[in-house]
Amino acid sequence: MTARGRLLALLSLTGIGFGVYFNRHTLAWLSLTVMVWMFVEWLAFYWRLWVQLPGLKIERLVGGKSTGGVLFAGRKVTVEISLSHSGFGIGSLLHIRDCIPENFAIEAGNNECELLTRTRKMKFTYEARIRGAGEAFLPGLRLTLQDAQGFFVSQRFIAVEQRFRVLPAFANVNESQPITKRINSLPQHGIHRLQRSGMGSELLELREYAAGDPPKSIAWKVSARRDTLMTRQYESEVPVRVILFMDGSISTRIGGFGQRLLDQSLFVAGSVARSAISVGDPVGAVLFDERGAKRLPASGGERGFYRLLDGLAEFSVNPAPPQQRLSKTLINAALRLCGERYPELLEPQVNLVPFTFLPISPWKRFERFRRTQLANVLAEIYQLQPIQVMELVLDDNLMARYAQQFLAEAGVSWMDPLVQTRSRGFHDAMATTQLLSKAITETVATSRDNEVYVIMANLLECATNISYLLPALKMALARHHRVVVVCPTPTFRRPKATAPITEDSPTADSLLTAAEDLRTKELASRLQRELRRIGASMSLSGEEQAIRLILAETQLARNGRVATAGGR
Amino acid sequence: MAGFSTGNSTDAAAAESETNYPAAPRFWQLVYFLLTIVACFMLLPTLFPRVDFRLPLTLMVLALLLLTLKRWTGVLFLCVLQLHAFVTEGARFPTEASVSFVWGLMCVALVVVVSRYRTLQERDNQSVFFSLGKAISTVRKPALPEVQILADNLLKIVWQLVKTALMITVCAVVAYWLLSSVPLDLNAVSQVGLQPTGHRLIVLALKLFIIALVSWIAVNEIVWRSLSRKQAGIYVRSTFLNWIHRDFRMVVARRIKAGRPGGRTAESNAAEATTQDLQTLESSE
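These numbers were taken from a predicted model, which means no experiment stands behind them. (Residues numbered from 1 in each chain as written. Chains lettered and ligands numbered in written order. Predicted model: local features only at pLDDT ≥ 70, side-chain atom pairs only at ≥ 80, totals over all residues. Heavy atoms only, no water.)

## Description of the pairing of strand E14 (residues 292–299) of chain A
All names here are of chain A.
- As judged from the six bridges shared by strand E13 (residues 283–289) and E14, these two strands associate in the antiparallel manner. When the sheet's bridge partners are listed, Ala285 is paired in E14 with Leu296.
- The turn linking E13 back onto E14 is made up of two residues. (Pairing = 2+ DSSP bridges. Helix = DSSP H or I, 4+ residues; strand = E, 2+ residues; numbered from the N terminus.)

Here you go:
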């Protein structure tokens, strides 16, 4: 019963008492009528809740699919929800809300609807855009059943689970093949000339005969002219493999879906892969984070492309978040989520809280009450022992761990209060460079000729100590591979070279953006200087310029030019 | 708020507009607010007829009406009506029973329409002026799909009002019968030593209590048997915790204290015991 219902019932009872005791019949009869009416509404409400509501059937279609499937980040999807009742219909007042994950952003329509009268069938739709790659889990619908007067209310959650793999977005960058014929050969799709000795069909150079050269490679006419045996050296014809090094460390996962540094990298990776595979070049990936490194072997064709996207999507699913200190906001966030997904478990009739004399302060008692309720719900979800419930109530670390796990499994993004968004700083970047260095070294050890390494990592923070990474990059360049470094920026755009504040009265947001721009610019120029010195290219942010730089380097690799170390 | 659709709608265009257009709930808000105004102004002349403060009374009722736009005023309206009934009626049976019956129905109807209007307004989650303004503009210049929605909903509102009126009438009759079933016993003073009205109040209270208790037990039995698996699990766990809460709290508090820096841990105790054993062994050798 709501506060409104309790107040009216109390007033009616008082009216009955006064009316009967002081022999005021109209007063007594009026108050008793109100009481009887509330009693009838109470019975009707429980009838609706326990008899009608279980007969409600709900079906959800996401992009025409009623079970799971695959979606693409950055694209819209239509969600259609149909309700039907097997009996005579369900009465008012029923509020239905589809619990959408944080990865969904509603673009048109609404994910809620209201039933004002008895209804047997109804349908509502809305359009949502998927924000970022990874996973999208729709758990079900939250129902709020209320009588028409607002005296009784009850919440229920109906599970209609659908899980989708969200593949990263990519740009269809048009690769323009040169119209004018520069070479007098037409290599097959995916094969490119490399100006190194090999078994190709184009002549690279002539050299003096060395013992062991096959007789058919001797150039007899030239040998006759020079009066010494000369051997023909042919060019190599190799595919240009593109290897994407993707950084998935903590700093790249912080932020809302679609706003993470990892999302920038995924967009660049997807676009580059699309472009490379369309001209027949295989693309592979090395995905590294604190859990280790995972390799996706280079493959071509549409199947290879979607396999790569699937691997990237799986990688972009956030793992267990780093342990944080328990805070009130974390508990409130967990309680809000409990209220949304498990409202029936928070009812005081089933979720009992033991009575204690301490704490005495009403506010602390209320906090302890809420924390105990949350502990009971978490214990039921994770099937904990009763003593562990008490540990959740008293041990802050344990409660923080389970609350974080609960929020992370529900698809909450890595922002406050789940993960503290303090500046991760120097130490996290050091760990990233060590992981990246090891991944590059291992890849170079097993690499073939003429590969393009695209490194997408958050290196801005360790720009002053890039020396940990340089040996691995130098090794890759020495093996005649092309190296491109893409650093995603927090502002999602290249930092401006000129003075960023042009407004007369700048706001706090513009000042913060300008400060971030200046800091990023300074770090970026240091990093660029170091990388260009050794012969690697660098780009900032996940914009089109970064993609074009990578494609330009790939084109250079296809042209067969071999860059000397330190030169371009 | 969007997505209101009837089960009988077969026209695709109307169905689509119904699912996306929030006209229906705001139209209902407007209708219930108008009914509130009508009920107020019908009851106002009947309130406190023999006293000379019509103007302050009218202003107070208008203030309550305006307050309804912001807050639920059902209990305030009922207070005023109960006060009127207490003050103006003598301590005897009323002679104009039929007028009081209609008046009583109107009082309950006022509380009903006020409550319904506030519930719809709170669900809308918009400001009052926005909601009512939208509703008025829809009614004044409706587009073609809205005309059908408004017509459908007008019929539904009328039907719901008829059902509500019937229900209130039945409740009034039941209340009258309950009161009549406990008449004044003028011999109560000699029999039980109580005033007749006091005796009547106790008997009526007992009757109502028994009815409420039986209903409450029946409803709770149904609720108990309809618990979900998760609800049953959480109930069992929390009940068990309730029983041995003090013991568990003591054990866990000690564990946490032992695990804190500076506290004695199991490892440090074991290390100290081993050292002492070694020393004892050496000394014995």
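## A look at the pattern of salt bridges
- One pass over the structure, following the stated rule, counts 25 salt bridges over all chains.
- Residue Arg4 of chain A is joined to Glu122 of chain B by a salt bridge in which the shortest nitrogen-to-oxygen separation is 2.8 Å. With Arg4 of chain A in helix H1 (residues 3–21) and Glu122 of chain B in helix H5 (residues 97–124), the pair connects residues from two separate chains.
- A residue is classified by how much of its surface remains accessible, and Arg4 of chain A, at 11% relative accessible area, is buried.
- For Lys76 of chain A, the salt bridge identified is with Glu127 of chain A, shortest N-O distance 3.9 Å. (Salt bridge = Lys/Arg side-chain N within 4 Å of Asp/Glu carboxyl O. Buried < 20%, exposed > 50% of the residue type's maximum accessible area, 1.4 Å probe, protein only.)

## Looking at the packing of helix H2 (residues 25–52) of chain A against helix H4 (residues 74–88) of chain B
- Where H2 of chain A meets H4 of chain B, the axes come as close as 9 Å, and the angle between the chain directions of the two elements is 150°. Here H2 of chain A lies roughly antiparallel to H4 of chain B, going by the angle between them. Touching Leu27, Leu30, Ser31 and Val34 of chain A of H2 of chain A are Leu78, Leu81, Gln82, Ala85 and Phe86 of chain B, all from H4 of chain B.
- Residues belonging to the contact of H2 of chain A with H4 of chain B are distributed by class as follows: seven nonpolar, two polar and no charged. (Axes fitted to C-alpha atoms, helices over the stretch in contact; angles between N-to-C directions. Parallel < 35°, antiparallel > 145°, perpendicular 65-115°, else oblique. Contact = heavy atoms within 4.5 Å. Nonpolar A, V, L, I, M, F, W, Y, C, P; charged D, E, K, R; others polar.)

## Details of the interface of chain B and chain A
- The interface of chain B with chain A comprises 88 residues on the first partner and 80 residues on the second.
- In total, about 7500 Å² of surface goes out of reach between chain B and chain A, with carbon and sulfur atoms giving 72% of it.
- Between chain B and chain A we count three salt bridges in total.
- Close ionic contact of Glu380 of chain A with Arg237 of chain B constitutes a salt bridge, the shortest N to O distance being 2.7 Å.
- Looking at the side of chain B that touches chain A, the elements that each hand over two or more residues are helix H1 (12–20), helix H2 (23–43), H4, H5, helix H7 (144–181), helix H9 (196–225), helix H10 (229–243) and helix H11 (245–259) of chain B.
- For the side of chain B that touches chain A, the leading source of residues is H5 of chain B, giving 16 residues. (Buried area = accessible area lost by both parts, 1.4 Å probe.)

## With respect to the sheet that holds strand E3 (residues 76–85) of chain A
All names here are of chain A.
- Taken in spatial order, the four strands of this open sheet run E1-E3-E7-E5, and their pairing is antiparallel. The sheet terminates laterally at strand E1 (56–62) and strand E5 (104–109), the two strands that pair on one side only. Pairwise comparison of adjacent strand axes, ignoring direction, gives a mean angle of 30° for this sheet.

## Concerning helix H9 (residues 386–394) of chain A
- Across the nine residues that make up H9 of chain A, a large majority, seven, are buried.
- Buried residues along H9 of chain A sit in contact with helix H8 (362–381) and helix H10 (396–409) of chain A together with H10 and H11 of chain B.

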